[in-house]
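Okay, here's what each chain looks like letter by letter:
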Amino acid sequence: MASAFPYRLYLVISVEACQGRNFLEVAEAAVQGGVDLIQLREKNDTTEAFLNKALQLKEVLQPYNVPLIINDNLEVAQKSAAAGIHVGNSDIAPTKIRTAWESCRILGYSIEYLEQLYNEQTYTSDYLGISPVFDTATKTDTVTTWGLDGIEKIRASTQKPLVAIGHMKASNVKKVIEAGADCIAVVSAICAAKNPKSAAKELRLEIEKGLKSRTVKPN
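Residues numbered from 1 in each chain as written. Predicted model: local features only at pLDDT ≥ 70, side-chain atom pairs only at ≥ 80, totals over all residues. Heavy atoms only, no water.

> I keep staring at the overall build of the protein chain and nothing clicks. Help me out?
What the protein chain contains, in helices and strands, is nine helices and eight strands. Its C-alpha radius of gyration of 16 Å places the protein chain within 12% of the 17 Å reference for a compact globule of 219 residues. Summarising the internal contacts of the protein chain: among those between residues at least 6 apart in sequence, 58% fall at separations of at least 24. When the accessible surface of the protein chain is totalled, it reaches about 10,700 Å², and 48% of it is carbon and sulfur. Counting 25 positive and 25 negative side-chain charges, the protein chain places the centres of these two groups 6 Å from one another. (Helix = DSSP H or I, 4+ residues; strand = E, 2+ residues; numbered from the N terminus. Rg over C-alpha atoms; globule rule 2.2 N^0.38 Å. Contact = heavy atoms within 4.5 Å. Areas by Shrake-Rupley, 256 points an atom, 1.4 Å probe, with all protein chains shown as cover. Lys, Arg positive; Asp, Glu negative; His and termini not counted. Charge placed at Lys NZ, Arg CZ, Asp CG, Glu CD.)

> I keep staring at the environment of Asp 182 and nothing clicks. Help me out?
Mapped onto the secondary structure, Asp 182 falls in the loop between helix H7 (173-179) and strand S8 (183-186). When its relative accessible area of 2% is taken as the criterion, Asp 182 is described as buried. In this structure the C-alpha to C-alpha distance between Asp 182 and Leu 203, which are 21 residues apart in sequence, comes to 14 Å. Of the polar contacts made by the side chain of Asp 182, one reaches the side chain of Arg 155; its length is 2.8 Å. (Buried < 20%, exposed > 50% of the residue type's maximum accessible area, 1.4 Å probe, protein only. Polar contact = N/O pair within 3.5 Å; in protein donor to acceptor, adjacent residues only side chain to side chain.)

> How should helix H9 (residues 196-215) be read in this particular structure?
The α-helix winds at 3.6 residues per turn, so residues separated by three or four positions along the chain end up facing the same way. Taking 1.5 Å as the rise per residue, H9 with 20 residues should run 28 Å; its terminal C-alpha atoms sit 29 Å apart, in good agreement. Buried within H9 are the following residues: Pro 196, Ala 199, Ala 200, Leu 203, Glu 206, Ile 207, Gly 210 and Leu 211. Taken around the axis of H9, the buried residues stretch over an arc of 140°, which confines them to a single face. Among the exposed residues of H9, those pointing more than 90 degrees away from its buried face are Lys 212 and Thr 215. Buried residues along H9 sit in contact with strand S1 (9-13), helix H1 (23-33), H7, S8 and helix H8 (188-191). (Expected span 1.5 Å × (residues − 1). Arc of directions from axis to C-beta.)

> Explain the sheet that holds strand S3 (residues 68-71) here, please?
Within a beta sheet, neighbouring strands are joined by backbone hydrogen bonds and run either parallel or antiparallel to one another. Read around the closed barrel, eight strands run S1-S2-S3-S4-S5-S6-S7-S8, paired in parallel fashion. On average, each strand axis in the sheet is inclined to that of its neighbour by 25°, with strand direction left out of account. (Pairing = 2+ DSSP bridges. Axes fitted to C-alpha atoms, helices over the stretch in contact; angles between N-to-C directions.)

> What should I look at first to understand the packing of H1 against H9 in this one?
To characterise two packed helices, one gives the angle between the axes of the helices and the distance between these axes. Running from N to C, H1 and H9 cross one another at 35°; their axes reach a closest spacing of 7 Å. The two elements H1 and H9 meet at a crossing, and its hand is right-handed. Only Pro 196, Lys 197, Ala 200, Lys 201 and Arg 204 of H9 make contact with H1, whose side of the interface consists of Val 26, Ala 29, Ala 30, Gln 32 and Gly 33. Here the contact of H1 with H9 is built from residues that sort into five nonpolar, two polar and three charged. (Left-handed = near helix turned anticlockwise from the far one by under 90°. Nonpolar A, V, L, I, M, F, W, Y, C, P; charged D, E, K, R; others polar.)

> Is there a simple way to explain the environment of Leu 40 in this structure?
You can see Leu 40 is positioned in strand S2 (residues 37-40). Between the alpha carbons of Leu 40 and Ala 54 there is a distance of 7.0 Å; along the sequence they are 14 residues apart. Those residues in contact with Leu 40 that sit more than four places away from it in its chain are Ile 13, Phe 23, Phe 50, Lys 53, Ala 54, Leu 57, Leu 68, Ile 69, Ile 70 and Asn 71.

As far as function goes, none of this settles anything; it's purely spatial.
Spelled out as C-alpha cells, the structure:
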C-alpha cells in the first residue's frame with residue numbers, strides 16, 4: 001500500500017446513520033476504537049449546515065490526528081480546511097478538484113467499472129473506493145457489486161490504495177483485506193453499533209488479521 005495512504009479503518013458518518021445519537025460522540029468513540037480516517041456524508045444538508053457539522057467534527061478529530069474527508073461538496077471541503085474529499089462518477093471530477101483546490105491532501109474516487117482504472121480521473125486520485133463489495137441497504141444507486149473476485153481483479157490492475165465499502169462487518173473484512181483491499185470503510189457497522197468503540201476495535205482486529213495472513217507466502 002502506498003505510504004501516502006496509511007489508513008486501515010475508514011468511517012463514513014452522518015447524523016442519520018447514528019440513529020439519534022450524537023454523531024460527534026459516535027465519531028470520537030470510533031476513533032478511540034481504531035478508526036483512522038473519517039468521511040462526513042450529509043447529502044441532504046444545506047451547504048451552511050454541512051459546513052457547521054464539518055467544523056465541529058474536525059475539532060473533535062484534531063487531538064487524535066485523524067483526517068476529515070468531505071463527501072462530494074468541494075465548498076464545504078475547502079471552507080472547513082478538511083484533509084480531502086471523496087467523489088463518485090456523478091460528482092465533480094477529480095481533475096477539476098485538483099485545479100480548484102491545490103491544497104487537497106486526500107482525494108478519493110469511487111469506481112463502478114474495471115475500465116475506469118485506466119482513465120484520467122483514477123490517475124488523479126489518491127485512493128479508489130471499491131463500492132459496494134457486497135450488497136448494502138445504505139447505498140442503492142450502484143452499478144457493480146464487486147465481490148471478492150472483483151477486488152482481486154482490481155488489485156491485479158492498479159497500485160492505487162483500495163478502500164472497500166459495502167456491507168463490511170467483522171465477519172467478512174478479513175477476507176476482503178486478503179483479496180487485496182488496503183482499507184475497510186464502514187457506515188452502519190459502527191454508526192449503528194451499541195458500542196461504537198468496541199465495534200471499531202473488533203473491525204480493526206480483523207483487518208490486522210487479514211493483513212498478517214496476506215504477508216504469509218505460500219510454499
